[in-house]
Amino acid sequence: MRIALFVTCLADTMFPAAAKATVLLLERLGHEVVFPQEQTCCGQMHINTGYQKDALPLVKRHVRTFEPYDVVVAPSGSCVGSVRHQHAMVAGSDAGLAARASAVAARTYELSELLVDVLGVEDVGAYYPHRVTYHPTCHSLRVLRVGDKPERLLRNVRGLDLVELPAAEQCCGFGGTFSVKNADTSTAMLADKMRHVLDTGADVCTAGDASCLMHIGGGLSRLQTGVRTVHLAEILASTEA
Amino acid sequence: MSTFLGMPVHAPRGVGHLRGDESFPAAARTALGDSQLRRNLQHATTTIRGKSGRVIAELPDWQELRSAGSALKASTMARLPELLEQLEEKVTAAGGVVHWAADANEANQIVTDLVRATGSQRVIKVKSMATQEIGLNEALEAAGITPVETDLAELIVQLGNDKPSHILVPAIHRNRSEIREIFLRAMPGVDPKLTDDPPVLAGAARRYLRETFMSTTVAVSGANFAIADTGTLAVVESEGNGRMCLTLPETLITVMGIEKLVPTWQDLEVFLQLLPRASTGERMNPYTSMWTGVTPGDGPQNFHLVLLDNGRTAVLADEVGRQALHCIRCSACLNVCPVYERTGGHAYGSVYPGPIGAILSPQLTGVEDNASLPYASSLCGACFDACPVKIDIPSILVHLRNQAPHPRTEAAVMAAAAYTMDHPRLYRSAQRAAKLSRIAGRRGRGLPPPLNGWSASRDLPAPPKETFRDWWRNR
Ligand code: SF4
């Protein structure tokens, strides 16, 4: 299958390993990955911070860029959530754009959705000999409703010891600009999330969103806990060889 | 009679409790530093969440019920003026008197005048959000009338000279030893040997309240529902103290937001299933009191209904935001909210705290007067899942953020960022700058404000050697 990568600006700039892993994983499974160069950012930060007008050109760019492709994947539940639930709204009274945005949204998948629902694989042949806990990010869980797809994928990874995260469904406190505008509250939420991660005894915390992992990882690093955050795509791309 | 409530205007300043003294982040900072408060809240919200989750799981048709509740509310809002007229007609025919209050000041004046006319110096109160919203107690006190709250938690708040911090459990921020101290300090005739055993505390309140019930001739209540086609009002509660207020006095004055209507008696079937399970985690609420006007020889012989606008018509005018008027005040969204659980209700500065407060208060007052509230959420979506009438709170938050006044520097940065993101060449040079940036200091610890809000507790990732784009081009 020919799959267009919607890399997300955050993964492109700060977490290229997650994006590379997405490419290598899909190629290993026998698919062709293309990277439309004109893409930049889906506009989620602008939309969620109250700048819909500024986001409009970004939505137009996104629609224009991904319109030609039948299947689009992103290693982020949050950015796919924005495409699916916000782009048509930002288009507003421009009914033509809204319809095009909805059409692109309908063909855009978060990585675990693409693997399980579209490609029909739960065992991607990965090997990752670590004790891992999975944090279901809010937008994957409650906006996209990916359910247990990521866990199903992880359970099939050789060598991986998946340990359950207590109070997993609680937000880590990131929330985009919330983490800066309400830094104290965000930090209090993060403190509980980190306590739960440490309670599992895992050496790796994984998730489907680089942004939430940046937040959790930033806290774990500051406290020098030794627990690493690794994107789901990187685990699924790892092999024994 | 005309039901024209005037042009849609917001709730007036200087009266009532819809605006805080400081912004949410500032108020939250104080609350977060109170470890006793954090423990009380975590314990209480975790307990209610568990209880509610268990009884909701018993209903196979919970999702259908939610959809029905949502649809009923939407259709009610679509024909609110007509239904309100119908309600007025039915209440009047049943011997009640209907008053229209455009805002908090009018409502307070109407109630004060009505109480004065009875000659009573004291009123007993059923727990009510609407009267808290308009600051009725303060208005009555200013007129020399003593309001006595009869809901146990509301009484604790009143005696403690405190503010409610939760819709359903106004004293959720208090534990029992704090409650004992408040009773000892402020409850008339309290036994000085009072312990902090919950039954003992409840017993002390019962004795005090019974005396008050027996000697007071006027009650003020809110309403959970009003049925347009019968003119029936309904109050649901757990303690029975509301029932006392609604049945014992000679005069009953009910203050109700105009959005509390349901079209028909049968519609209650849906809401009386949704409300207790979502709110207290009970299958059925212990006391459901319903009354239609006046029944000769039974219950209050004078009944007044005050229909309160106070910004609601303005909310109704906003196609996205109006969903906030569907709220049945169950408080499920508070109990599941990770922000509320850590900051408590006072940080929201309004009688409506938590996720519903973050969308309702700014709409009632105008967003300028509560500009930080729509941002008091990580948009995690737990509230939307919990809401028994399916109010899409996260989407309304985003909608209100779009209307909120923005700090000038932030707006400039956002515009520049959007411009950069819409020009791939600029975007690529910005990426290179991010990559090379050492101005942030080691792992971001030297970031300037407001970004130091991040770096106070979190490291930034080390910038990667190459962007994904570079890797793709070179592979
Ligand atoms: S918004 Fe929904 S969950 Fe929150 S109090 Fe209202 S009805 Fe309950």
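The rules behind these values
- Residues numbered from 1 in each chain as written.
- Chains lettered and ligands numbered in written order.
- Predicted model: local features only at pLDDT ≥ 70, side-chain atom pairs only at ≥ 80, totals over all residues.
- Heavy atoms only, no water.
- UniProt positions renumbered as here; feature names shortened; annotations may be inferred.
- Helix = DSSP H or I, 4+ residues; strand = E, 2+ residues; numbered from the N terminus.
- Domains from an automatic or database assignment.
- Contact = heavy atoms within 4.5 Å.
- Buried area = accessible area lost by both parts, 1.4 Å probe.
- Salt bridge = Lys/Arg side-chain N within 4 Å of Asp/Glu carboxyl O.
- Buried < 20%, exposed > 50% of the residue type's maximum accessible area, 1.4 Å probe, protein only.

Asker: It is not clear to me how the UniProt feature "domain: Cysteine-rich" (unreviewed entry) in chain A should be interpreted in this structure. Could you clarify?
Answerer: Residues and elements named next belong to chain A. Under the local residue numbering, the UniProt record ascribes the feature "domain: Cysteine-rich" (unreviewed entry) to residues 3-82 and 132-216. Taken as a whole, residues 3-82 contains 56% helix and 11% strand, while its terminal C-alpha atoms sit 19 Å from one another. For residues 132-216, the end-to-end C-alpha separation is 14 Å, with 49% helix and 12% strand making up the annotated structure.

Asker: Where do I start with the domain arrangement of chain A in this structure?
Answerer: A common way to report how large an interface is uses the accessible area buried once the components associate. Residue and element names in this part refer to chain A. What the domain assignment reports for chain A is domain 1 (2-118) and domain 2 (131-237). Each of domain 1 and domain 2 has a C-alpha centre, and these two points are 22 Å apart. Listed per partner, the contact involves 26 residues of domain 1 and 22 residues of domain 2. Surface buried jointly by domain 1 and domain 2 totals about 1,900 Å² across both partners, of which 68% is contributed by carbon and sulfur atoms. Across the domain 1-domain 2 interface, the total number found is one salt bridge.

Asker: How do you make sense of the domain arrangement of chain B when you look at a structure like this?
Answerer: Considered domain by domain, chain B is made up of domain 1 (80-312) and domain 2 (408-474). Put simply, the middle of domain 1 of chain B and the middle of domain 2 of chain B, counted by C-alpha atoms, are 54 Å apart.

Asker: Sorry if this is basic, but what is going on with the pattern of salt bridges here?
Answerer: Enumeration over the complete set of coordinates arrives at 34 salt bridges over all chains. Between Glu32(A) and Arg2(A) there is a salt bridge; the shortest N-O distance is 3.7 Å. Taken together, the residues span a long stretch of sequence, with Glu32(A) in strand 2 (residues 32-34) and Arg2(A) in strand 1 (residues 2-5) at a distance of 30 residues. Owing to a relative accessible area of 44%, Glu32(A) belongs among the partly exposed residues under this scheme. The shortest N-O distance in the salt bridge between Arg473(B) and Asp470(B) comes to 3.7 Å. One end of the pair is Arg473(B) and the other is Asp470(B), both in helix 22 (residues 468-474) and three residues apart, which spans about a single turn. For Asp470(B), a relative accessible area of 13% translates into the label buried.

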